[in-house]
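# Coordinates in review
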Amino acid sequence: MLDVIGLTPAEEELYRCLLQLTTARVDELVHRLGRPRAQVVEQVEALRAKGLVQPTDSDPDAPLRPRAPDVALGATLLRHQEDLEAARRRVTQLAEEYRSGLRRHHVDHLVEVIRGGRVLRDRLRDLQNSARSEVLWFCRANPLAMAGPENVEEFDALARGVSYRAIYERDLLLEPGALTDLAKGVAAGEQARVLDRLPVRLAIVDARTAICPLVPDRDGGEPSAAVIGRSQLLDALLALFESHWRVATRLRLDDPLAAATTESRRDEADDRPVDGYQPDADEARLLSLFVAGVPDKSIASQLGVSRRTVQRRLADLMDAAGVDTRPGLAFQVARRGWL
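Residues numbered from 1 in each chain as written. Predicted model: local features only at pLDDT ≥ 70, side-chain atom pairs only at ≥ 80, totals over all residues. Heavy atoms only, no water.

## Focus: the packing of aromatic side chains
The following threshold applies: Here a Phe, Tyr or Trp ring, Trp counted by its six-membered ring, pairs with any other such ring whose centre lies within 6.5 Å, and the pair is stacked when the planes are under 30 degrees apart, edge-to-face when over 60, and tilted otherwise. Under the scheme used here, helices are H or I runs from DSSP no shorter than 4 residues and strands are E runs no shorter than 2 residues, and both carry numbers assigned from the N terminus. Residue burial is assigned from relative accessible area. The probe radius is 1.4 Å, only protein chains are included, and a residue is buried under 20% of its type maximum, exposed over 50%, and partly exposed in between. Note on geometry: a ring has a charge over it if NZ (lysine) or CZ (arginine) is within 6 Å of the ring centre and within 35 degrees of the ring normal.
All chains considered together, the criterion is met by two aromatic pairs. Note on Phe241 and Trp245: the rings are 5.9 Å apart at their centroids and 20° apart in plane angle, and the pair reads as stacked. Here Phe241 and its partner Trp245 are both found in helix α9 (residues 232-247), four residues apart, which amounts to about one turn of the helix. For the pair shown, Phe241 and Trp245 are each scored as buried. We note Arg165 situated over the ring of Trp245; from NZ or CZ to the ring centre the distance is 5.1 Å.

Okay, here's the thing in structure tokens:
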């Protein structure tokens, strides 16, 4: 396995033998390995050149001892990783150039049809791994191919600087554990918004490739999707996303509650002036879920408090906004720019 970084199987076996012995002379290694002495000497020299073996003193015939492999081979591994990453980026670029060439000359290559949940998942993973700037999502309830917790590629992409913007259907937020999973993405850098309904499922990567299911959810059967390259159809899907992004409600799930477990969190909202009032981080998180239409029970679960506490905090915010109804609070949240 280590031959990929320049360590032959014979050298690895000799090094392992030396690890077991801690220290050993060349003759002892010859006896243990059953190899010609000249061959062992040559392999020892190769290991010394790679920083894996050193003599115990300056005597050429002194016993040998192994050196730590992570120190000796760490730099080599890092160089190989960097080379592999550069090669992966190059292959992705060449693949895109290949597809672009096909699209210029053959209109039927503008759209590729893929079938099957596994194929769809693999393509979504590959596209995220190749993303360089931005990934856009329409996330509907009851995912067809990949549930939120399965999408580990998003965190890798966010870590390397890729932007994520996702719009979630409100019903998806009501699924068990959905808000917790979504909060992890937001904490990692995802920008999340919510709408009552989304027209389609959709993923767009770097404004160059989109994936959109072909068969309506209600029809059931094997999932199928269109992979759409650069074209006016892709431009239309980008415009569709942006139009929904502008009207979607922002979700604030990245700020931890300062005192989430206390039933008597606060009663001081009555003492704050209405004019110039600005919600703190905890209140903004609560309001973002409230305006998104998340039920009190689900809000309470997400915030780690009781349903009664959620209702009391909303009542405090209604007082701060000078209204006595929940629709009035939602209106004031928008009018005052609280989110």
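## Remarks on the nonpolar core
Applied cut-off: Here, nonpolar core refers to any group of buried Ala, Val, Leu, Ile, Met, Phe, Trp, Tyr and Cys residues whose side-chain atoms link them within 4.5 Å. Domain ranges listed in this record stem from an automatic or a database domain assignment. Here, two residues are considered to be in contact whenever any of their heavy atoms come within 4.5 Å of each other.
Of all hydrophobic cores here, the largest spans 52 residues; its most connected members are Trp137, Tyr168, Leu173, Leu251, Ile299 and Leu329. Top contributing element to this core by residue count: helix α12 (residues 307-321), with six residues. Two domains share this core, each providing at least three of its residues, namely domain 2 (111-250) and domain 3 (281-336). Filtering out sequence-adjacent residues up to four positions away, Trp137 remains in contact with Leu124, Gln128, Asn151, Tyr164, Arg165, Ala166, Ile167, Leu202, Ala203 and Phe241.

## Quick notes on the sheet that holds strand β6 (residues 191-195)
Strand pairs in the sheet, formed through backbone hydrogen bonds, run parallel or antiparallel to each other. The following threshold applies: Two strands qualify as a pair provided DSSP detects at least 2 bridges between them. Each axis is a line fitted through C-alpha atoms, and for a helix only the stretch in contact is used; angles between axes span 0 to 180 degrees, taken between their N-to-C directions.
Here eight strands make up an open sheet; going across it, the order is β3-β9-β8-β7-β4-β5-β6-β10 and the pairing mixed. Looking along the sheet, the strands with just one partner apiece sit at the ends: β3 (111-115) and β10 (249-250). Pairing analysis gives three bridges linking strand β7 (residues 202-205) to strand β8 (residues 209-213), with the strands arranged antiparallel. Paired with Ile204 across the bridge in β8 is Ala210. Lying on the sheet, α9 is in contact with β3, β4 (134-139), β5 (163-169), β6, β7, β8, β9 (224-228) and β10; it crosses β5 at an angle near 70°.

## So, the confidence of the model for the protein
The line we're drawing: Confidence per residue, as judged by the predictor, is encoded in pLDDT with a range of 0 to 100.
Averaged over the protein, the pLDDT score is 80; the fraction of residues at 70 or greater is 82%. Per-residue pLDDT stays below 50 along residues 255-274; that stretch engages in 44 contacts with residues further than four places along the chain or on separate chains.

## A few points about the packing of helix α10 (residues 281-291) against helix α11 (residues 296-303)
Our working rule: To sort the angles, those under 35 degrees are grouped as roughly parallel, those over 145 as roughly antiparallel, those from 65 to 115 as roughly perpendicular, and the leftovers as oblique. If you view the pair so one helix is near and one far, a crossing is left-handed when the near helix is turned anticlockwise from the far one by less than a right angle, and right-handed when it is turned clockwise.
For the pair α10 and α11, interaxial distance at closest approach is 10 Å and the crossing angle is 150°. Taken together, α10 and α11 sit at an angle that is classed as roughly antiparallel. For the pair α10 and α11, the crossing hand works out as right-handed. Residue-level inspection shows Arg285, Leu286, Leu289 and Phe290 of α10 in contact with α11, the latter providing Ile299, Gln302 and Leu303.

## Some thoughts on helix α5 (residues 117-130)
Selection rule: Each helix should span, by expectation, one fewer than its residue count multiplied by 1.5 Å. What the arc measures is the spread of directions leading from the helix axis to the C-beta atoms.
Over its 14 residues, α5 extends 20 Å from the first C-alpha to the last, a length consistent with the 20 Å expected when each residue adds 1.5 Å. Considered for burial, the residues of α5 that qualify are Gly117, Leu120, Leu124, Leu127, Gln128 and Ser130. Mapping the buried residues of α5 onto a view down its axis gives an arc of 165°, with all of them on the same face.

## Overview of the environment of Pro199
Tracing the chain through its elements places Pro199 in the loop between β6 and β7. In this structure the C-alpha to C-alpha distance between Pro199 and Phe138, which are 61 residues apart in sequence, comes to 8.6 Å. Pro199 has contacts with Phe138, Arg140, Leu240 and His244, leaving out every residue within four places of it along the chain.

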